[in-house]
Amino acid sequence: VSFLFDQADADGNGVLDRAEFKAVFVALKSELGLSNKAIKQIMAEADENSDGVIEYREFVPIAVDVINVIEAKREFEERKAADAEDAVEDAKDFLLHGMPRETLESMLKGAFLKADKDGSGYLDRKEFKECLRGSGLGFTKKEVNIMMSEVDLDGDGRITYQEFVPLCFNMLADMMADKMKAPSSENEEAIRTYLEELFQGSSAEEGSTMIHKAVAVAILRDGDLGLTRVQIAAIMSEISIDKHDNLDYVALSAAAAGVLSSLTNVEAQRALADQVEASREQEGYGLVFGMGQEQVRELLDGAFRAADADGSGLLPVQTVAEVAVAQLPLDGPQLQAVMSLAAPDDDGNVWYDDVSDWAFHTLEYLASGQHAVLSPRD
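The structure presented is a predicted model; accordingly, all values stated were derived computationally and were not measured.

Criteria and cut-off values
- Residues numbered from 1 in each chain as written.
- Predicted model: local features only at pLDDT ≥ 70, side-chain atom pairs only at ≥ 80, totals over all residues.
- Heavy atoms only, no water.
- Helix = DSSP H or I, 4+ residues; strand = E, 2+ residues; numbered from the N terminus.
- Buried < 20%, exposed > 50% of the residue type's maximum accessible area, 1.4 Å probe, protein only.
- Lys, Arg positive; Asp, Glu negative; His and termini not counted.
- Salt bridge = Lys/Arg side-chain N within 4 Å of Asp/Glu carboxyl O.
- Contact = heavy atoms within 4.5 Å.
- UniProt positions renumbered as here; feature names shortened; annotations may be inferred.
- Axes fitted to C-alpha atoms, helices over the stretch in contact; angles between N-to-C directions.
- Parallel < 35°, antiparallel > 145°, perpendicular 65-115°, else oblique.
- Left-handed = near helix turned anticlockwise from the far one by under 90°.
- Nonpolar A, V, L, I, M, F, W, Y, C, P; charged D, E, K, R; others polar.
- Core = buried A, V, L, I, M, F, W, Y, C linked by side-chain atoms within 4.5 Å.
- Arc of directions from axis to C-beta.
- Polar contact = N/O pair within 3.5 Å; in protein donor to acceptor, adjacent residues only side chain to side chain.

Engineer: Which parts of the structure should I look at to understand the side chain of Asp-116?
Structural biologist: Along the chain, the position of Asp-116 falls in the loop between α6 (101–115) and β5 (122–123). This buried residue, Asp-116, is left without a salt bridge; Lys-117 holds the nearest opposite charge, at 8.9 Å. Beyond its immediate sequence surroundings of up to four residues, Asp-116 is in contact with Gly-121, Tyr-122 and Leu-123.

Engineer: I keep staring at the UniProt feature "domain: EF-hand" (unreviewed entry) in the chain and nothing clicks. Help me out?
Structural biologist: If you check UniProt for "domain: EF-hand" (unreviewed entry), the listed places come out as residues 1–31, 34–69, 103–138 and 139–174 in our numbering. Secondary structure content for residues 103–138 is 61% helix and 6% strand, and the end C-alpha separation is 14 Å.

Engineer: Would you mind going over the packing of helix α12 (residues 229–236) against helix α18 (residues 353–368) with me for this structure?
Structural biologist: Relative orientation of the contacting elements α12 and α18 amounts to 65 degrees, with a least axis distance of 9 Å. Our classification of the angle between α12 and α18 gives roughly perpendicular. Where α12 crosses over α18, the handedness of that crossing is right-handed. Here Arg-229, Val-230, Gln-231, Ala-233 and Ala-234 of α12 come into contact with α18, specifically with Asp-354, Trp-358, His-361, Thr-362, Tyr-365 and Leu-366. Per-class residue counts for the contact of α12 with α18 are 6 nonpolar, 3 polar and 2 charged.

Engineer: Help me understand the nonpolar core, please; the structure alone is not making it clear to me.
Structural biologist: Considering soluble globular proteins, one finds that nonpolar side chains tend to be buried as a cluster. Leu-108, Leu-123, Phe-128, Leu-132, Leu-137, Phe-139 and Phe-164 are the most contacted members of the largest nonpolar core, which totals 28 residues. Those elements giving two or more residues to this core turn out to be α6, α7 (125–133), α8 (141–150), α9 (161–181), α12 and α18.

Engineer: Can you help me understand α7 in this one?
Structural biologist: Structural remark: α-helix, 3.6 residues per turn; residues separated by three or four positions point the same way. Looking only at α7, the buried set comprises Glu-127, Phe-128, Cys-131 and Leu-132. Across the axial projection of α7, the buried residues extend over an arc of 135 degrees, all falling on one side. In α7, those exposed residues whose orientation departs by more than 90 degrees from the buried face are Lys-126 and Arg-133. Where α7 begins, the side chain of Asp-124 points an oxygen toward the backbone nitrogen of Lys-126, at a separation of 3.2 Å.

Shown next as structure tokens:
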């Protein structure tokens, strides 16, 4: 404080006139964020005896306050920077609406290979966009647009698998970090109301809140909500569905709103990361019914193809359910979740490869306890 006073006392007369006093604060203006008006107010308050100059005894408490403010601001900025860094690290450990990195990369690989129809090992821009939209990973339109605008196609108009995975991973980490740093702008009740409005008008009977399961799943998938296919399946696993495959969209909206509100809640995300870490330590991690991802996929795909006499890739919904139960010891909620992966057409047939490709991820997600964290029960 003494050094600050002596430095400001340009003429060495032992007091600071208004110009000298103001110079102290002008020099610190950028650090303190003070306006000229604020500096004048500080000067008026500091001059206790109103003699137009600031004595050392008057200067000390003001200077101490200034130093404390600067230090507090510095500490705040450091904490803010540390929180931002922590958010990015949290996001890298736990990406895309609650998905561990290895699961994400596995799904990205599957999406890439499916989009690369000619097996060339690369995607053009159109294929890349279709890959993102059809990946089942819950990319919103905004996220797709961001990745499309940022993608570097190596100057040759295409993206290889080696470029695809790190690109998606890093961009998703940044987007997740932004969500984890900022509080959610919507609460659960607002999200629930929004979802109910999405479902309204979809019921077969006017005034009813009952809608067909397939319609409900389609709305959750196409509503640009940011839910992954696995999360939608997990939500569907806990909804009561009647014998006509109808469900109450009010109950569905409440369940989905609980998950969606948790996705932008930093505490829920960190609890979810802890749950993922805990599940990794459990015996049988990475297995479903003692089988790995490829084993489950090949088991189901082989059984579905055996039932598909004409090789069309389509089977009746009921047949898919019967085959799935015959191959895997599924309980009620598990079967309900797996069958929500299949979108039936007007004739009640489904593309069974959706079930083959996603059944393992869905069952693994349910077994890990992640859904219980995102959608806690009282």
